[in-house]
Amino acid sequence: MSATLIPNALRVIIAGEVFRGDLHPEAPRTIAAFLKLLPYEQKLIHVRWSGEACWIPMGDRKLGVDFENHTSHPSAGDVLFYPGGYSETELLIAYGACSFASRMGPLAGNHFMTLNNARQRLCSIGQRVLWHGALNVRFELDDAAHDAAQESA
């Protein structure tokens, strides 16, 4: 994929549920770095400190980005990338009330994507992860959004 062809959205699949993740131009470096990981598969687990959210621990993995468009209070459907520092590198997906934190205190993550029109399904998935454990998650290119970006280039 050319560096100038940034898609408008990604496809996010959580335990077979498909979501459209709209990318935010306010976080261009995070988006560009995350796109290099695609397709990205991992386990989604429930947060310990942050409320109604799930996260994907990324350990010591660095994407080479600092803070941009960062927040500590995501809305349901917001996807944040935390570049590391006080806690390990991670992705966070809020499904309800959330105040992003670790045992060291409040954190802020780069808000680079939103799973739109998905609040009820995300809440159900969040509760499932909370009570039954980790679920598979996959981030991949949304072919329709990618094709539209190529046509407009």
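In this text the structure is predicted, and so the values were computed from the model without any measurement.

Parameters and conventions
- Residues numbered from 1 in each chain as written.
- Predicted model: local features only at pLDDT ≥ 70, side-chain atom pairs only at ≥ 80, totals over all residues.
- Heavy atoms only, no water.
- Helix = DSSP H or I, 4+ residues; strand = E, 2+ residues; numbered from the N terminus.
- Buried < 20%, exposed > 50% of the residue type's maximum accessible area, 1.4 Å probe, protein only.
- Contact = heavy atoms within 4.5 Å.
- Polar contact = N/O pair within 3.5 Å; in protein donor to acceptor, adjacent residues only side chain to side chain.
- Core = buried A, V, L, I, M, F, W, Y, C linked by side-chain atoms within 4.5 Å.
- Disulfide = S-S within 2.5 Å.

1. Concerning the environment of asparagine 136
Then, number 1: With respect to the helices and strands, the residue asparagine 136 is situated in strand β11 (residues 135-141).
Then, number 2: Taking the relative accessible area as the measure of exposure, asparagine 136 reaches 48% and is therefore partly exposed.
Then, number 3: Considering only alpha carbons, one finds asparagine 136 and glycine 16, 120 residues apart in sequence, at a separation of 8.4 Å.
Then, number 4: Sequence-distant contacts of asparagine 136, defined by excluding residues within four places in its chain, comprise Ile13, Ile14, Ala15, Gln42 and Lys43.
Then, number 5: Of note is the side chain of asparagine 136, whose polar atom sits 2.7 Å from the side chain of lysine 43.

2. Observations regarding unusual backbone geometry
Then, number 1: Residues leucine 38 and proline 39 are joined by a peptide bond in cis, for which omega reads -10°.
Then, number 2: Despite not being glycine, alanine 15 has its phi angle at roughly 50°, a positive value.
Then, number 3: Its place among the elements puts alanine 15 in the loop between β1 (9-14) and β2 (17-23).
Then, number 4: Alanine 15 sits in the partly exposed class, given a relative accessible area of 31%.
Then, number 5: Its identity as a non-glycine residue notwithstanding, asparagine 117 has a phi of 50°, on the positive side.
Then, number 6: In this fold, asparagine 117 is placed in the loop between β10 (109-115) and α2 (119-132).
Then, number 7: On the accessibility criterion, asparagine 117 (81% relative accessible area) is exposed.

3. A closer look at the side chain of histidine 46
Then, number 1: Mapped onto the secondary structure, histidine 46 falls in strand β3 (residues 40-46).
Then, number 2: Residue classification places histidine 46 among the buried positions, given a relative accessible area of 16%.

4. As for the environment of glutamate 68
Then, number 1: Mapping glutamate 68 onto the fold places it in the loop between β4 (51-59) and β5 (70-71).
Then, number 2: Each C-alpha atom of the pair glutamate 68 and phenylalanine 81 lies 9.8 Å from the other, and the pair is 13 residues apart in sequence.
Then, number 3: Excluding its chain neighbours within four sequence positions, the residues that come into contact with glutamate 68 are Glu26, Ala27, Pro28, Arg29, Thr30, Asn110 and His111.

5. Quick word on the nonpolar core
Then, number 1: Within the largest apolar cluster, 34 residues are counted, with the highest numbers of intra-cluster contacts made by Ile14, Phe34, Tyr40, Leu91, Phe112, Met113 and Phe139.
Then, number 2: No other element matches helix α1 (residues 28-35), which puts four residues into this core.
Then, number 3: When near neighbours in sequence (up to four residues on either side) are disregarded, phenylalanine 34 contacts Leu10, Tyr40, Leu63, Leu91, Phe112 and Phe139.
Then, number 4: The next biggest cluster of nonpolar side chains, apart from the first, holds ten residues, and it includes Ala53, Leu80, Tyr82 and Phe100.

6. Topic: the state of the cysteines
Then, number 1: Throughout the structure, instances matching the rule amount to zero disulfides.
Then, number 2: Here cysteine 54 is not cross-linked by a disulfide; its sulfur's nearest cysteine counterpart is in cysteine 98, at 9.8 Å.
Then, number 3: Given the relative accessible area of 3%, cysteine 54 is considered buried.
Then, number 4: Take cysteine 123: it sits in no disulfide, and the sulfur closest to it among the cysteines is that of cysteine 54, at 10 Å.

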